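Structural overview for review
Each chain, letter by letter, is given below.
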Amino acid sequence: MRLHAIRLATAAIAAILAGAAFAATPGQPAPDFTVNDASGKPVKLSEFRGKHVVLEWTNPECPFVQKHYNAKNMQSLQKEFGAKDVVWLSVNSTNRNHAEYMDGTQMAAWMQKQGGVPRAVLIDDTSATGRAYAARTTPHMFVIDPAGKVVYAGAIDDKRSANPADVPVAKNFVRAALTESLAGKPVTTASTTPYGCSVKY
């Protein structure tokens, strides 16, 4: 019985490590994916090779997501870097069987109400892409360079709260990473610990 338990534990650890190997980490190629957008159109990451891409994991039910949208922080980043030809993809990996799941119509309506302008809102309703990236929280941010390599992964900023008043005084890691990468410079802070609500797998 004890040997069986040890084998199960060993298998579980191996599965976790195997999953970590495929996680999107700075310096590694970003896992490719094809996910339907809010209108049902397939969006493939590799189609944007040659451009910077931002992946923003989101969930409208999360207070930390609400913080950045109510403060207009996320929309401001989307507009600022969209104007610089950065492809911004907002990804909802809430599983279709979870109570907080929103379909494409609901997510599109929410994003429009917020005044958000990502290139697309992706409905990862099987959570496969979220797991491929080891997305842990909403928001969890990834910046991908034109060669398809992850150059930043982690939190949106350094104020780990759900208070919109913290946004103006925060150091925005995503803006810093994009600014440096767009200028052809290495990203100074390439990895941070994300904060927010757990992704609803």
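Refer to the structure above for everything that follows.
The next subject is the state of the cysteines. Taken as a whole and judged by the stated rule, the model has one disulfide. Each sulfur of the disulfide joining Cys 62 and Cys 197 lies 2.2 Å from the other. Every disulfide takes its handedness from the sign of the S-S torsion; for Cys 62 and Cys 197 that torsion is 90°, giving right-handed. Pair noted here: Cys 62 is in the loop between β3 (53–57) and α2 (63–70) and Cys 197 is in strand β9 (residues 197–198), with a separation of 135 residues, a long-range link.

Right, let's talk about unusual backbone geometry for a bit. The peptide bond linking Thr 138 to Pro 139 adopts the cis configuration, its omega dihedral lying at -5°. Within the fold, Pro 139 resides in the loop between β6 (137–138) and β7 (141–144). Despite not being glycine, Ala 134 shows a phi value in the positive range, around 55°. Here Ala 134 shows up in the loop between α5 (128–132) and β6. By relative accessible area, Ala 134 is classed as partly exposed at 31%.

Counting 29 residues, the largest nonpolar core has Met 141, Val 143, Tyr 152 and Val 174 as the members making the most contacts within it. Sorting the residues of this core by element identifies α2, α3 (73–82), α4 (104–114), β5 (120–123), β7, β8 (150–154) and α6 (173–182) as the ones contributing at least two each. Broken down by element, the residue count for this core peaks at four residues, all from α6. Counting residues in each nonpolar core, the second largest holds 22 residues, with Phe 48, Val 87, Ile 144 and Ala 153 among its members.

The buried fraction of β8 amounts to five of the five residues, a majority that puts the element mostly inside the structure. Pairing between β7 and β8: four bridges, direction antiparallel. Residue pairing in the sheet places Val 143 in a bridge with Tyr 152 of β8. Hairpin geometry of β7 and β8 is characterised by an intervening segment of five residues between the two adjacent antiparallel strands and by a positive phi of about 85° at Gly 148.

Let us look at the packing of aromatic side chains. In the structure shown here, the tally under the stated rule is seven aromatic pairs. With a centroid separation of 5.5 Å and 75° between ring planes, the pair formed by Trp 57 and Phe 142 is classed as edge-to-face. In this pair, Trp 57 sits in strand β3 while Phe 142 sits in strand β7, placing the two residues 85 residues apart along the sequence. Given a relative accessible area of 1%, Phe 142 falls into the buried group. Ring geometry for Tyr 69 against Trp 110: centres 4.8 Å apart, planes inclined by 65°, an arrangement best described as edge-to-face. In this pair, Tyr 69 sits in helix α2 while Trp 110 sits in helix α4, placing the two residues 41 residues apart along the sequence. An identical accessibility class is assigned to Tyr 69 and Trp 110; each is buried. An aromatic cluster of three or more residues is present, and its members are Phe 33, Trp 57, Tyr 133 and Phe 142. Stacked on the ring of Tyr 201, the Lys or Arg Arg 131 has its end atom at 4.4 Å from the ring centre.

Rules used throughout
Residues numbered from 1 in each chain as written. Predicted model: local features only at pLDDT ≥ 70, side-chain atom pairs only at ≥ 80, totals over all residues. Heavy atoms only, no water. Disulfide = S-S within 2.5 Å. Helix = DSSP H or I, 4+ residues; strand = E, 2+ residues; numbered from the N terminus. Buried < 20%, exposed > 50% of the residue type's maximum accessible area, 1.4 Å probe, protein only. Core = buried A, V, L, I, M, F, W, Y, C linked by side-chain atoms within 4.5 Å. Pairing = 2+ DSSP bridges. Phe/Tyr/Trp six-rings, centres within 6.5 Å; stacked < 30°, edge-to-face > 60°. Lys NZ or Arg CZ within 6 Å of the ring centre and 35° of its normal.

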